[in-house]
Amino acid sequence: MLPPNADVDRAARLARTYEDAGVDVLGVPEAYGVDAVSWLGYLAAVTDRVELMAQVLPIYSRTPALTAMTAAGIDRVSKGRFALGLGVSGPQVVEGWHGVAYDAPLGRTRDVIEICRKVWRRERLEHDGDRYRIPLPGGTGLGKPLKLVDVPLRERIPLYVAALGPANTELTAELADGWVPFLYIPERADTVWGEALTRGTAKRSPDLGPLEIVAGGPMAVGDDVTHKRELDRDHLALYVGGMGARDKNFYNIVVRKYGFESEAREVQDLYLAGNRTEAAARIPDALLEGTSLIGDRSYLKDRLAAYRERGVTVVQVQPVGDDPVRDLRVFREILDD
């Protein structure tokens, strides 16, 4: 992940360094800071090989047609190196920042995926979906079906969905090119998502090919680096404890399903009460280890084998070691071994 940085020159150097170190994909997040699209366009200009992924654009913040236009634009300026990541975000951001009702996330996700692909195929845009009807019925009555004026570089831009809940994960396995889960522990993943993935895959078109899976976490390589797992305590406490209301925290639900039910409840209680340091201290060590890629070569080789066994195709890493570039190069060697 390479989030927008105030020092754009340093970011350009870092992007090129990561590319040279063997990184295949640079992801750019979008929440309620600088938008991801501007940053992706900039990265397209300062890199040559690496794929660029929006990870992820909230579906509520743009019309589906604008999302499709934007993806076609970034794909063009990057010369075919773009992957569109979509997500529903959450009520706090969607309603608190964008001022849009957080309604029908599943229906909207399905509509956006279908509309994007129609636009990229340059079909005249007519859509009668769950939440989007195009052309808009009523209104002035002057709306008419249009098709994209420009010819996209590709009519099949890879489309990934960040999903955690069972219904959204099922939809992702049915329709998307790839799935981006969070807090992914390969040995426990089936407990949370196995049934949903099976149901979605059963409805999946063969034209889509196998579902790509993007998963990983903090990464460091060495004989004495396991203490680096502690760096993620505050981050996990934020998500498990405070990312959403008490009954609308998707991350807390995942951790509970992993088997850490009492710990997840305690972390949330402490975090929402303002005791963030105590909440971080209650994050289970097994969760810290399971959601990270931190250890020596032998350990990481075993971890990557577990990821492969569960169908993970893209390993997402956040370098947290003392020499991030060296770790990326070594990790690349382990991955290719």
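Residues numbered from 1 in each chain as written. Predicted model: local features only at pLDDT ≥ 70, side-chain atom pairs only at ≥ 80, totals over all residues. Heavy atoms only, no water.

Draft legend 1. Representation of the pattern of salt bridges. Summed over the entire model, instances satisfying the criterion amount to 27 salt bridges. In this structure, the salt-bridge partner of Asp75 is Arg154, at a minimum N-O distance of 2.6 Å. Taken together, the residues span a long stretch of sequence, with Asp75 in helix 3 (residues 64-77) and Arg154 in the loop between strand 5 (133-134) and strand 6 (159-161) at a distance of 79 residues. Its relative accessible area of 25% is what places Arg154 among the partly exposed residues. Between Arg233 and Glu230 there is a salt bridge, with its nearest N and O atoms 2.6 Å apart. What makes Arg233 buried here is its relative accessible area of 12%. (Salt bridge = Lys/Arg side-chain N within 4 Å of Asp/Glu carboxyl O. Helix = DSSP H or I, 4+ residues; strand = E, 2+ residues; numbered from the N terminus. Buried < 20%, exposed > 50% of the residue type's maximum accessible area, 1.4 Å probe, protein only.)

Draft legend 2. How the structure looks around unusual backbone geometry. The step from Gln55 to Val56 runs through a cis peptide bond, and the omega angle for that step is 10°. For Val56, the position within the fold is in strand 2 (residues 51-58). With an omega of -5°, the peptide bond running from Ile134 to Pro135 counts as cis. Backbone geometry at Lys79 places phi at a positive 60°, although glycine is not the residue there. Residue position: Lys79 is located in the loop between helix 3 and strand 3 (82-87).

Draft legend 3. Fine view of the nonpolar core. Formed by 90 residues in total, the largest nonpolar core has its most connected members in Leu84, Trp120 and Trp193. Ignoring any residue separated from it by four or fewer positions in sequence, one finds Leu84 in contact with Ala54, Leu57, Thr67, Ala71, Cys116, Trp120, Ile157, Pro158, Leu159 and Tyr160. Residues Met53, Tyr160, Val180 and Val214 belong to the second largest nonpolar core, which totals five residues. (Core = buried A, V, L, I, M, F, W, Y, C linked by side-chain atoms within 4.5 Å. Contact = heavy atoms within 4.5 Å.)

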